[in-house]
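Chain by chain, the residues:
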Amino acid sequence: MLRLIATSLCLRCQHVPVLPSNLRACSTLSSVENQQTVEALYELSVDIQKVRKLKGWVLHQNPAYTKEVAGLLRNMGASGPIIAHILAVHPEAVLCNPEQLQTQQELWMSVCPNHRELIGVIEKFPASFFTASSHHENQRKNIAYFQSLNLNKRIITKLMASAPQSFGRPVEQNQLMVCTLQQAYKELGGDEANMKIWLQKLMSQNPFVLLKPPEMLRQNLVFLKNRGFTTSELLRLLSKLRGFVTELNPDSMCRTLAFSQEAIGCSDAELREVILNCPALLYYPESTLTERFEGLFSAGISMSQIIQTPTVLELTTQIVNYRINRLKARGYDISAGSLDIINGTKKDFEMSFGKLQLRRERPLFNPVAPLKADD
């Protein structure tokens, strides 16, 4: 009998939604929906069915502050459709205490230039704004620390939006990682006058760099140094990898370098040159590189062309084939020319393709031919 009761209780527990840790202390779960919340969301034209499907547990919470949250967003300049969108994708916002949200708004406005930009951030990253009040003190200290580094306010805003975990943790952890990056930059011969710009670019390109252990950065730099890269080359790599150097580890890089060297058939020095021109090779797994090499070969591209323009390996096979087919339609033979024309971003390719088309359509001017005069 006891076993039967225990089994029944376990089955019931499996169907009870689990609250996020930051909301457990201030909300109570009910077996029925909070009708005040539902009606308030209806009045705001929020997609209730979407909320029920994705985060239905929110509708069972009490208390909820739907009207107050909507009022705060409205006072910052958010339109009705924007408010409806924010509450549909992040309905947990209605569980945040209005006083705590006021504090959060003040914290964000210390780095955001105006309310319009803050609403834009909330629309894209609602979970970063509607956070637990227990993080406010850490947020305040982290904001003050990054401001003390004289970082651009937009960079700090981007960090808070993209990697809010960095601001919810003790400031000492961020200080340690930033100091490690600064020390690596100096040891590799970086100009101290440019260090702030370098650090800003690094963190804006990969905001999650702060969340990685500093030891990983040191291990990766030691590994690359042992592979023959000079200090100046390591600085180039550290800058070009845009903070993703912390996403790597010596084991994966060792496998990737061994595969690339065998595939290309080059010496250690030649491989280093290829890596300097295309640092992304360091973090692509062998399966991805195999697919991309095979895709390029099947399109008639030679290994010598790839070595001259290794960044073409950053493109997926689908993108390469699409661009080559467009060029073929204009009579361009990719196997006989440079890969620069298919390289780069979509915008880069469209510009190169447009110039190619213009050259083919424009008639050549012959300075020797007589000019036609009107009769």
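Residues numbered from 1 in each chain as written. Predicted model: local features only at pLDDT ≥ 70, side-chain atom pairs only at ≥ 80, totals over all residues. Heavy atoms only, no water.

- Going by what an unreviewed UniProt entry lists, the chain is known as Mitochondrial transcription termination factor 2 and is assigned to Ataeniobius toweri.

## Overview of the pattern of salt bridges
Phase 1: Applying the stated rule across the entire model yields eight salt bridges.
Phase 2: In this structure, the salt-bridge partner of Lys-186 is Glu-192, at a minimum N-O distance of 4.0 Å. (Salt bridge = Lys/Arg side-chain N within 4 Å of Asp/Glu carboxyl O.)

## Considerations on the side chain of Gln-305
Phase 1: Position of Gln-305 among the secondary structure elements: in helix H19 (residues 303-308).
Phase 2: When its relative accessible area of 7% is taken as the criterion, Gln-305 is described as buried.
Phase 3: Not counting chain neighbours up to four residues away, the residues in contact with Gln-305 comprise Gly-300, Ile-334, Ser-335, Ala-336, Gly-337 and Leu-339. (Helix = DSSP H or I, 4+ residues; strand = E, 2+ residues; numbered from the N terminus. Buried < 20%, exposed > 50% of the residue type's maximum accessible area, 1.4 Å probe, protein only. Contact = heavy atoms within 4.5 Å.)

## Some points on the layout of surface pockets
Phase 1: As a volume, the largest pocket reaches approximately 250 Å³.
Phase 2: Surrounding the largest pocket, Thr-180, Gln-183, Ala-184, Glu-187, Leu-188, Leu-217, Arg-218, Leu-221, Val-222, Lys-225, Thr-231 and Leu-234 form its lining.
Phase 3: Counting residues per element, the ones that place at least two in the lining of the largest pocket are helix H12 (171-187), helix H14 (214-226) and helix H15 (231-240).
Phase 4: With five residues, the top contributor of residues to the lining of the largest pocket is H14.
Phase 5: Partitioned by chemical class, the residues of the lining of the largest pocket number six nonpolar, three polar and three charged. (1 Å grid on protein atoms, 1.4 Å probe; cavity = no way out; pocket = protein on both sides within 12 Å on 5 of 7 lines; lining within 4 Å. Points joined across faces, edges and corners; volume = space filled by probe spheres on them. Nonpolar A, V, L, I, M, F, W, Y, C, P; charged D, E, K, R; others polar.)

## Focus on empty space enclosed by the protein
Where empty space is left can be seen by rolling a probe of water-molecule size over the atoms.
Phase 1: Under the counting rule described, the total for this entry stands at one cavity of 30 Å³ or more.
Phase 2: In this structure, the largest cavity encloses a volume near 30 Å³.
Phase 3: In this structure, the largest cavity is lined by Arg-292, Gly-295, Leu-296, Leu-315, Thr-316, Thr-317 and Val-320.
Phase 4: Among the secondary structure elements, those contributing two or more residues to the lining of the largest cavity are helix H18 (286-298) and helix H20 (317-329).
Phase 5: By residue number, the principal contributor to the lining of the largest cavity is H18, which donates three residues.
Phase 6: Partitioning the lining of the largest cavity into residue classes produces three nonpolar, three polar and one charged.

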